[in-house]
Amino acid sequence: NLGALAIAEHLKAQGVTLEFVLDEGGCKIEPGTAFGAPETAIGSVQLMEKGYADLELCVHSIGGHSSRPFGGTSLARLSGAIADITRAPFSVHLNSAMTGAFETLAPYITEEPLKTLVTTTIAPTMIHGGSAACNVMPQDMTAVINFRLADGDTVESVMAHCREAVQDKGVEMRFLQANDPSAIAKRDGYGYRRVVESMQRYFPDVVFIPSMTAGATDAHRYEEICDTCLRCS
């Protein structure tokens, strides 16, 4: 990731503009189950990637013996905050890449597509600080929730969403790391057309679609010097 940033900065300083960027993240041939087309072999040419955020939640208490739990426990407060966030889903955003995917696959869709394709996802992943004994209340505790940001959400909007969702305003929140969704490459751009045309020569029975990756690559580092994305064109 840092290497990609250094390369992009060097190319920018040299006045280089990239026609398109090829990176990891997709183009494997698989059933279109996620898109509601399980009987169709698809190849995803991913035009963007979701953003990424690790949100840390922190709570503090004096602890004590479990026989005197007056005022609540840090574990209960932390659990409540996690539940508040997971019960507050993000809105749906149908960006140009996913619009193209569903338009292309419309004749083949027989089931409900996965909602994760069109919204920011919420996944609690870590919790620390629990007591080592069943009858002792923990003191300081932390948890981490991982988000994959859909186009239309930002790091700032995710933080605002979580602060509004959590009823206990004493819960501290900070990002351990976070970045916004990438720009979206053009569906009619040179790079997309050439990749699809090349793949169709060898896999004529596969339906190739524009899509996005929910994982993280370093391709977004090249946005400022790339000629094929919507935000920087």
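Refer to the structure above for everything that follows.
Only a predicted model underlies this, so the values are computations on that prediction, with no experimental measurement involved.

Definitions and limits used
Residues numbered from 1 in each chain as written. Predicted model: local features only at pLDDT ≥ 70, side-chain atom pairs only at ≥ 80, totals over all residues. Heavy atoms only, no water. Helix = DSSP H or I, 4+ residues; strand = E, 2+ residues; numbered from the N terminus. Expected span 1.5 Å × (residues − 1). Buried < 20%, exposed > 50% of the residue type's maximum accessible area, 1.4 Å probe, protein only. Contact = heavy atoms within 4.5 Å. Pairing = 2+ DSSP bridges. Axes fitted to C-alpha atoms, helices over the stretch in contact; angles between N-to-C directions. Polar contact = N/O pair within 3.5 Å; in protein donor to acceptor, adjacent residues only side chain to side chain.

Side note on helix H2 (residues 74-86)
The first and last C-alpha atoms of H2 sit 18 Å apart over 13 residues, in line with the 18 Å expected at 1.5 Å per residue. Taken together, the buried positions of H2 are occupied by Ser74, Leu78, Ala81, Ile82, Ala83, Asp84 and Ile85. Turning to H2, the residues buried within the fold contact strand E3 (51-59), strand E5 (121-128), strand E7 (141-149) and helix H4 (155-165).

Side note on the sheet that holds strand E1 (residues 29-32)
Ordered in space as E1-E2-E9, the 3 strands form an open sheet in which the pairing is mixed. Lying at the two open borders of the sheet, with one neighbouring strand each, are E1 and strand E9 (207-213). Here the strands of the sheet are splayed against their neighbours by 55 degrees on average, with no regard to which way each runs. Judged from the 4 bridges that link them, E1 and strand E2 (residues 37-49) form a sheet pairing that is antiparallel.

Description of the environment of Pro181
Along the chain, Pro181 falls in the loop between strand E8 (172-179) and helix H5 (190-202). Put simply, Pro181 and Pro31 are 150 residues apart on the chain and 26 Å apart in space, counted from C-alpha to C-alpha.

Points about the side chain of Thr73
Relative to the helices and strands, Thr73 is located in the loop between strand E4 (64-65) and H2. At a separation of 3.1 Å, a polar atom in the side chain of Thr73 contacts the main-chain amide nitrogen of Ala76.

Looking at the side chain of Asp153
Looking at where Asp153 falls in the secondary structure, it is placed in the loop between E7 and H4. A polar contact of 2.6 Å, which involves the side chain of Asp153, links it to the side chain of Thr120. Setting aside anything within four residues of it in sequence, one finds Asp153 in contact with Phe90, His93, Thr120 and Pro181.

Some thoughts on the pairing of E9
Buried residues dominate E9, accounting for 7 of its 7 residues. What you see with E9 is no split at all: Val207, Ile209, Ser211 and Thr213 on one side and Phe208, Pro210 and Met212 on the other are buried throughout. Two strands pair when backbone bridges link them, and E2 and E9 are joined in this way by 7 bridges, in the parallel orientation. Within the sheet, the bridge partner assigned to Ser44 lies in E9 and is Ile209.

Notes on the sheet that holds E5
Pairing is antiparallel in the open sheet, where 4 strands are placed in the order E5-E7-E3-E8. This sheet does not close on itself; its edge strands, each paired only once, are E5 and E8. This sheet shows a mean twist of 20 degrees between the axes of neighbouring strands, independent of strand direction. By the bridge criterion, 9 bridges tie E3 to E7 in an arrangement that is antiparallel.

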